[in-house]
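Commentary on secondary and tertiary structure
The chain contents come next:
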Amino acid sequence: MRVFSDFDGTISIQDVTDVVLSRFAEPEWEDIEQQWKAGLIGSAECMRRQIALIKASRRELDEVLDTVAIDPGFLTFRDYCRVNGLPLTVVSDGVDYFIRHVLRRNGITDLPVVANLLRYGTADRLETYTLAPAPNSTGCLSGSGVCKCRIVSGTEPQVYIGDGRSDFCVAGRADLVFAKSKLADYCRDNSIPFIAFDDFTDLLSKMNAVIPGIARQNRTMPQSKIA
């Protein structure tokens, strides 16, 4: 069994990319956001165009990232997964540099992170930023920079934790889904089985209750959907 968790709004309290864009990007980033929400562009194009609008030094970026909080229960959840032999991966359609910085500031350096790749350059002595999709996301059917459906796959049971639009597609593929916010609404509207949660403290108690049953079912029916 493997566990995958979204980052923005799930592990982090705020959407980290929105925090950075609100502080440092030219106002056009909000128009681009509306194009994505209207379905006119995919999230990969949306993010690529938005990140290019950032006007800040690395030091300034880091100072803002230092203000981003994570769910207080996530560290305990990380430890629970480690003790119980459940590999935990952060998978996000956000920005790898932002995610790693926030996790590192909270003492978390041991988790794999799959996200869009931030690249740095200079122009007229100012730092510039570009975004590249995760290597395995070429041809993503939903137009994402990170194809979560390709990452959350395999013969062993897959547990997925999320909260938003970037989690919609993968929710129908994971064996067990923990959902809140927009993802919970989506699962409910599309008859996708899920377990609702409020935060990682709440999620941990619910996962601890269901995992023994999941393990037994997996031994007898390895190809079946678990939830």
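Presented here is a report on the structure given in the accompanying data block. It should be emphasised that the depicted structure is a prediction, and the values quoted were computed from it without experimental measurement. (Residues numbered from 1 in each chain as written. Predicted model: local features only at pLDDT ≥ 70, side-chain atom pairs only at ≥ 80, totals over all residues. Heavy atoms only, no water.)

Focus: the pairing of strand β1 (residues 2-5)
Convention followed: Between any two strands, pairing holds if DSSP finds at least two bridges. The way it works is that DSSP assigns letters per residue, a run of H or I at least four long becomes a helix, a run of E at least two long becomes a strand, and they are numbered from the N terminus.
With 4 bridges connecting them, β1 and strand β5 (residues 158-162) associate as parallel partners. By the bridge assignment for β5, F4 is matched with Y160. Summarising the sheet, β1 and strand β2 (residues 88-95) pair through 3 bridges and their orientation is parallel. Considered in β2, the bridge of V3 is made with L88.

Section: the pairing of β2
Filter applied, for reference: Exposure classes here rest on a 1.4 Å probe applied to the protein chains alone. A residue is buried below 20% of its type maximum, exposed above 50%, and partly exposed in between. With strands facing away from the observer, any crossover in which the path from the first strand over the helix to the second runs clockwise is taken as right-handed.
Most of β2 sits out of view: 8 of its 8 residues are buried. Taken together, β2, helix α6 (residues 96-105) and strand β3 (residues 113-123) form a β-α-β motif whose crossover is right-handed.

Topic: the pattern of salt bridges
Spelled out, the test is: Every case where a carboxyl oxygen of Asp or Glu lies within 4 Å of a side-chain nitrogen of Lys or Arg is listed as a salt bridge.
This model, assessed by the stated rule, comprises 12 salt bridges. Residues R49 and E45 are paired through a salt bridge, measuring 3.3 Å at the closest nitrogen-oxygen approach. Linking R49 with E45, this pair stays in helix α3 (residues 43-51), spanning 4 residues, or about one helical turn. On the accessibility criterion, R49 (23% relative accessible area) is partly exposed.

Observations regarding the packing of aromatic side chains
Stated precisely, the cut-off is as follows: Here is the rule: rings of Phe, Tyr and Trp (six-membered ring for Trp) pair when centre to centre is within 6.5 Å. Planes less than 30 degrees apart are stacked, more than 60 are edge-to-face, and the remainder are tilted.
Using the criterion set out here, one finds 7 aromatic pairs in the structure. Aromatic side chains F74 and F200 sit 5.0 Å apart centroid to centroid with 75° between the ring planes, which places their arrangement in the edge-to-face category. Residue F74 is found in helix α5 (residues 74-83), and its partner F200 is found in helix α10 (residues 200-220); the two are separated by 126 residues along the sequence. Per residue, the accessibility class of F74 equals that of F200, and both read buried. Between F168 and Y186 the ring centres are 4.1 Å apart and the planes differ by 5°, which places this aromatic pair in the stacked class. Placement of the pair is F168 in helix α8 (residues 168-171) and Y186 in helix α9 (residues 181-189), with a sequence separation of 18 residues.

Geometric descriptors of this kind do not, in isolation, establish any biological role.
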